[in-house]
Amino acid sequence: MKKAQIIVDKYFLTGKTDKRIYGSFIEHLGRAVYEGIYQEGSPLSDEQGFRKDTLELVRELQVPIVRYPGGNFVSGFRWEDSVGPKAQRPSRPELAWGVIETNQFGLNEFVDWSRKADSDVMMAVNLGTRGPEDAKNLLEYCNFKGGTYYSDLRKAHGYEQPHDIKLWCLGNEMDGPWQMGHKTAAEYGRVAAETARLMKFMDPEVETVACGSSNLEMPTFGSWEYTVLDEAYDQVDYLSLHQYYGNAAGDTADFLASSKGMDDFISGVVSICDAVKAKKHGKKQINLSFDEWNVWYHSNEQDKKLEKWVQAPHQLEDVYNFEDALLVGSMLITLLRHADRVKIACMAQLVNVIAPIMTSDTGAWRQTIFYPYMLTSVFGRGTVLNTQVLTPIYESKTYGEAPYLDSVCVWDEEKDTLTIFAVNKSMDEDMEVSCDLRQFEGYKIVEHIVLNNDNLQAVNTETQPENVVPVKASAECSKLDGGKLEAVFAKHSWNMIRLAK
Ligand code: AHR
């Protein structure tokens, strides 16, 4: 049995969780929109064509914000094509993913869908094939109250009230050669700054997110962030990070160490933001928007065979297994541990496309990764305690020394609840973990939930949707005696212990 210790102090705080770290992402890609959230004529859809079964699962996840409409898609997006009478909307070749986009679902439908999903919109503007002028027009359409060309057009489309979208991405992955209209850091920094400036003239309440690197392996990583912020520091509020992990090599220990990679990535980008701030004698802090993160590799091979110029193909449809859920749990812990700087994060994506929710013509089901996402989103709100983890470590191939135990504690002082999230990454040993909670007088264990499976490759499917589901741990797995918590985290398991007064 391995042994570890979690140390917290109610006066040592990392920061309040911003609920937007539990955001997600819907791109016009594959079956995310069509057949995922929208399927006109399906008996499973409502009067607007929104899939009711999907909406129910999205609400279960308590997703506070959804990024839209891309992704790579946004870099060719002509937003005007996506509004107004559906019969008049054009179909267009969509160059990012090599498909046909019919525009039968667009901006206004997404706003309506988000309301039904109890979520806010994080909208992206096209800085690939377009620029500041179109971003300004789009914002006028969305947020201006009326009496101008684009705000009156919105009203003519049946939306009397402004959409009031307050969070805007300035393009997507503009450092990537795969991106339509990709740019050098200096080119992008200028256009991002000017776009944000116009947008803030129009609506001073909007917040803007500049593109950071598409991933940590980009050859321009570091200098990209620095140059973009050097140009756009005054105009932007957040810098984005994107990262996907995979286990193509079949090395689970290395795969699970990816959360260490994510942790280092976040720390590195924080340092660059602060370096630019210091250089500029700036007052404002640039925070982070980790607006694409997940596991993505299962569908790579099958996607190479896809036919081009079809509508809504099965694309990026990763079927997630149990070990993916462990890493997703660890990635959420990592985001929480950086709650002081990571204010927005989007699991990419939400439905069908590298997603926690899958749909078919006959129903919707929860993938393995749904569970750590849902339980962390629901119970991981409050203040993150600066959680020290004394854990045995192992040597991973890609990330060097990695902890066997990932953990974080979230305290909600008003509701008097304390929640411990933990992943034991050991493949062959349970872990005995102690935590001194005497400062939290009167707290009692409410429940200890575990996600585990003997088969790391176990998946949930439409016909077998409950192969991997969380269960209550037996009472011996967590005991609180005299304010001292003693818990056992089973080998390769995700755990949540909830305490309350
Ligand atoms: O989420 C899938 C794709 O991954 C997005 O379109 C792009 O931004 C990233 O490369």
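Up top is the structure these notes are about.
To start, this report covers the structure provided alongside it. (Residues numbered from 1 in each chain as written. Predicted model: local features only at pLDDT ≥ 70, side-chain atom pairs only at ≥ 80, totals over all residues. Heavy atoms only, no water.)

Considerations on the overall build of the chain
- For the chain, the count of helices and strands is 11 helices and 26 strands.
- Taking 501 residues into account, the globule formula puts the C-alpha radius of gyration at 23 Å, and the chain, at 23 Å, falls close to it.
- In the chain, buried positions account for 60% of the 501 residues.
- Sequence separation of 24 or more characterises 77% of the internal contacts of the chain that already satisfy a separation of 6 or more.
- Total accessible area on the chain stands at roughly 19300 Å², and carbon and sulfur atoms take up 50% of it.
- Where the 52 positive side-chain charges of the chain centre and where its 73 negative ones centre are 4 Å apart. (Helix = DSSP H or I, 4+ residues; strand = E, 2+ residues; numbered from the N terminus. Rg over C-alpha atoms; globule rule 2.2 N^0.38 Å. Buried < 20%, exposed > 50% of the residue type's maximum accessible area, 1.4 Å probe, protein only. Contact = heavy atoms within 4.5 Å. Areas by Shrake-Rupley, 256 points an atom, 1.4 Å probe, with all protein chains shown as cover. Lys, Arg positive; Asp, Glu negative; His and termini not counted. Charge placed at Lys NZ, Arg CZ, Asp CG, Glu CD.)

Here we look at the pairing of strand 11 (residues 287–295)
- Along strand 11, 9 of the 9 residues are buried, which leaves the element largely enclosed by surrounding structure.
- Here strand 10 (residues 238–245) runs beside strand 11; their pairing, made up of 7 bridges, is parallel. Counterpart to Leu239 in the pairing with strand 11 is Leu288.
- The sheet contact formed by strand 11 and strand 12 (residues 342–347) spans 4 bridges and is parallel. Residue pairing in the sheet places Leu288 in a bridge with Val342 of strand 12. (Pairing = 2+ DSSP bridges.)

Focus on the pattern of salt bridges
- Within this structure, the stated rule accounts for 35 salt bridges.
- Arg31 is the salt-bridge partner of Glu317, the closest N and O atoms lying 2.7 Å from each other. Highlighted residues: Glu317 in the loop between helix 9 (300–303) and helix 10 (322–337) and Arg31 in the loop between strand 3 (23–25) and helix 1 (52–61), separated in sequence by 286 residues. This pair shows no difference in class: Glu317 is buried, exactly as Arg31 is. (Salt bridge = Lys/Arg side-chain N within 4 Å of Asp/Glu carboxyl O.)

Some thoughts on the site of the ligand
- The environment of the ligand is made up of 13 residues, and the closest members are Glu27, Asn72, Glu173, Tyr244 and Glu292.
- A distance of 2.9 Å is found between an oxygen atom of the ligand and a backbone nitrogen or oxygen belonging to Asn72.
- Here an oxygen atom of the ligand sits 2.7 Å away from a polar atom, N or O, in the side chain of Glu292. (Near = heavy atom within 4 Å. Polar contact = N/O pair within 3.5 Å; in protein donor to acceptor, adjacent residues only side chain to side chain.)

Considering the sheet that holds strand 24 (residues 478–481)
- One open sheet holds the 5 strands; their spatial order is 16-1-21-25-24, and the pairing between them is mixed. The strands lining the two open edges of the sheet, one partner per strand, are strand 16 (388–390) and strand 24. Pairwise comparison of adjacent strand axes, ignoring direction, gives a mean angle of 20 degrees for this sheet. (Axes fitted to C-alpha atoms, helices over the stretch in contact; angles between N-to-C directions.)

Thoughts on the packing of helix 10 against helix 11 (residues 370–379)
- Close contact between helix 10 and helix 11 brings their axes to 8 Å; oriented N to C, the two are set at 25 degrees. The orientation of helix 10 with respect to helix 11, classified from their angle, is roughly parallel. With respect to the hand of their crossing, helix 10 and helix 11 are arranged in right-handed fashion. Judged by residue contacts, Ala325, Val328, Gly329, Leu332 and Leu336 of helix 10 engage Pro372, Tyr373 and Thr376 from helix 11.
- Here the contact of helix 10 with helix 11 is built from residues that sort into 6 nonpolar, 2 polar and no charged. (Parallel < 35°, antiparallel > 145°, perpendicular 65-115°, else oblique. Left-handed = near helix turned anticlockwise from the far one by under 90°. Nonpolar A, V, L, I, M, F, W, Y, C, P; charged D, E, K, R; others polar.)

Let's talk about the state of the cysteines
- This model, assessed by the stated rule, comprises 0 disulfides.
- No disulfide involves Cys273; its sulfur sits 13 Å from that of Cys211, the nearest cysteine.
- Of the cysteine sulfurs around Cys409, a residue in no disulfide, the closest is that of Cys435, at 5.3 Å. (Disulfide = S-S within 2.5 Å.)

A closer look at empty space enclosed by the protein
- On inspection of all chains with the given rule, the structure shows 3 cavities of 30 Å³ or more.
- Within this model, the largest cavity holds a volume of roughly 60 Å³.
- Phe77, Trp79, Val125, Asn126, Arg130, Gly131, Asp134, Ala135 and Leu138 together form the lining of the largest cavity.
- Looking at the lining of the largest cavity, the element that brings in the most residues is helix 3 (residues 132–143), giving 3 residues.
- For the lining of the largest cavity, the residue count by class is 5 nonpolar, 2 polar and 2 charged. (1 Å grid on protein atoms, 1.4 Å probe; cavity = no way out; pocket = protein on both sides within 12 Å on 5 of 7 lines; lining within 4 Å. Points joined across faces, edges and corners; volume = space filled by probe spheres on them.)

Regarding the pairing of strand 24
- Here 4 bridges tie strand 24 to strand 25 (residues 484–489), and the two strands are oriented antiparallel to one another. Bridge pairing links Leu480 to Leu485 in strand 25.

Section: the sheet that holds strand 19 (residues 405–412)
- One open sheet holds the 7 strands; their spatial order is 2-15-19-20-26-22-23, and the pairing between them is antiparallel. Bordering the open sheet on either side are strand 2 (13–16) and strand 23 (471–472), each of which pairs with just one other strand.
- Two elements, strand 22 (residues 444–452) and strand 23, share 2 bridges in a ladder whose sense is antiparallel. Bridge pairing links Val450 to Val471 in strand 23.
- Against the sheet, helix 10 contacts strand 2, strand 15 (383–385), strand 19, strand 20 (417–424), strand 22 and strand 26 (493–500), and its axis sits at roughly 50 degrees relative to strand 19.

Concerning the nonpolar core
- Counting residues in each nonpolar core, the largest one holds 155 residues, and the members touching the most others are Phe105, Trp113, Trp168, Tyr188, Phe290, Trp293 and Leu350.
- Looking at which element gives the most residues to this core, the answer is helix 10, with 10 residues.
- Both of domain 1 (2–9 + 385–500) and domain 2 (18–379) provide at least three residues apiece to this core.
- Here Tyr188 is in contact with Leu127, Leu170, Met174, Lys183, Ala210, Cys211, Trp224 and Val228, once residues within four sequence places are set aside. (Core = buried A, V, L, I, M, F, W, Y, C linked by side-chain atoms within 4.5 Å. Domains from an automatic or database assignment.)

As far as function goes, none of this settles anything; it's purely spatial.
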